[in-house]
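# Survey of secondary and tertiary structure
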Amino acid sequence: PNSKVAESFGNMASKKIEGVYLSVAKRNSTAGSGVKLSFYDGSSSPENLLLELPSIPLSTFSANCEKFIPIPNGGLMSTSNTIYVAYELTMASAGDTLSLFYSTHDKLGNGRLSNSAFLFDKSNWLPFSTLYSGEKGAVWLDLVVSDPVNNSLHKHLADNLNVNIYPNPTLGEFNIEIVNNE
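These numbers come from a predicted model, not from an experiment.

## Describing the packing of aromatic side chains
This structure, assessed with the given rule, holds 4 aromatic pairs. Seen from their ring centres, Tyr40 and Trp125 are 5.8 Å apart, and the 70 degrees between their planes marks the pair as edge-to-face. Of the two residues, Tyr40 is situated in strand β3 (residues 34-41) and Trp125 in strand β12 (residues 124-127); the sequence distance between them amounts to 85 residues. Residue classification places Trp125 among the buried residues on the basis of a relative accessible area of 12%.

Put into structure tokens, the structure is as follows:
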């Protein structure tokens with residue numbers, strides 16, 4: 001089985017990547033095993049390594065949960081239109097497992113799902129469809145991205161809006177009130 005998988009994200013030029021959510025389906029670990037996240041750019045597959053995060057202990061992941069991994073030092077500024085986020089399992093024993101949720105085809109048959117997943121096969125990144133008989137594939141990774149061009153507008157809105165949540169604490173229903181201070 002492949003232990004290095006990447007997902008592509010388009011329209012990323014001039015965006016700041018703040019972090020990544022991994023949607024974990026299954027996890028089994030022993031002490032010492034971990035997950036390494038890497039960020040690449042490239043025209044049709046992961047080509048140029050931009051950033052590699054230190055290994056995250058596999059024991060900090062939970063099955064059937066999303067895990068947020070922040071990018072340290074203020075995030076990663078993208079200069080490329082397509083960014084690839086790869087995860088790799090660094091195994092301490094053969095039974096260690098990390099499975100993310102993914103989709104392998106469009107069940108509606110209307111062709112909306114495009115191939116966006118890549119698997120590392122010995123020395124090359126290959127599209128999921130190349131290794132799995134034409135099946136289209138997408139891995140459930142979510143990026144947290146900001147647009148520096150619009151940051152002044154976002155800061156203005158954040159400085160002039162108050163959000164009230166009440167009653168707090170609550171065991172049932174609650175209210176959300178947004179107040180504009182302008």
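## Focus: the confidence of the model for the protein
With 78% of its residues at a pLDDT of 70 or more, the protein shows a mean pLDDT of 78. Ranking the elements of the protein by mean pLDDT puts helix α2 (residues 151-160) last with 53 and strand β4 (residues 48-52) first with 93.

## Some details on the side chain of Ser38
On the secondary structure map, Ser38 appears in strand β3. With relative accessibility at 3%, the residue Ser38 sits in the buried group. At 3.4 Å, the side chain of Ser38 and the side chain of Glu52 are in polar contact. In contact with Ser38, other than residues within four places in its own chain, are Leu49, Leu51, Glu52, Tyr84, Val85 and Ala86.

## Topic: unusual backbone geometry
Even without being a glycine, Asn64 presents a positive backbone phi close to 60 degrees. The topology assignment puts Asn64 in the loop between β5 (56-57) and β6 (65-70).

## Thoughts on the environment of Thr79
By the element assignment, Thr79 lies in the loop between β7 (76-77) and β8 (83-90). With 63 residues separating them in the primary sequence, Thr79 and Lys16 have C-alpha atoms 9.3 Å apart.

## Some remarks on the environment of Ala6
Assignment of secondary structure puts Ala6 in strand β1 (residues 4-9). Take Ala6: its relative accessible area is 0%, and that puts it in the buried class. Counting along the chain gives 80 residues from Ala6 to Ala86, while the straight-line C-alpha distance between them is 3.9 Å. Not counting residues within four places of it along the chain, the set of residues in contact with Ala6 comprises Pro46, Val85, Ala86, Ser116, Ala117, Phe118 and Trp125.

## Some words on the nonpolar core
Ranked by internal contacts, the top residues of the largest apolar core, which has 29 residues, are Leu22, Leu37, Phe39, Phe61, Val85, Tyr87 and Leu98. Counting only elements with at least two residues in this core, the list comes to β1, β2 (16-28), β3, β8, β9 (97-100), β11 (117-121) and β14 (141-146). Dropping the residues within four chain positions of it, Leu22 is found in contact with Leu37, Phe61, Cys65, Glu66, Lys67, Ile69, Tyr87, Leu100, Trp140 and Leu141. Counting residues in hydrophobic clusters, the runner-up holds 6 residues, among them Ala6, Ala86, Phe118 and Trp125.

Rules and cut-offs
- Residues numbered from 1 in each chain as written.
- Predicted model: local features only at pLDDT ≥ 70, side-chain atom pairs only at ≥ 80, totals over all residues.
- Heavy atoms only, no water.
- Phe/Tyr/Trp six-rings, centres within 6.5 Å; stacked < 30°, edge-to-face > 60°.
- Helix = DSSP H or I, 4+ residues; strand = E, 2+ residues; numbered from the N terminus.
- Buried < 20%, exposed > 50% of the residue type's maximum accessible area, 1.4 Å probe, protein only.
- pLDDT = per-residue confidence, 0-100.
- Polar contact = N/O pair within 3.5 Å; in protein donor to acceptor, adjacent residues only side chain to side chain.
- Contact = heavy atoms within 4.5 Å.
- Core = buried A, V, L, I, M, F, W, Y, C linked by side-chain atoms within 4.5 Å.

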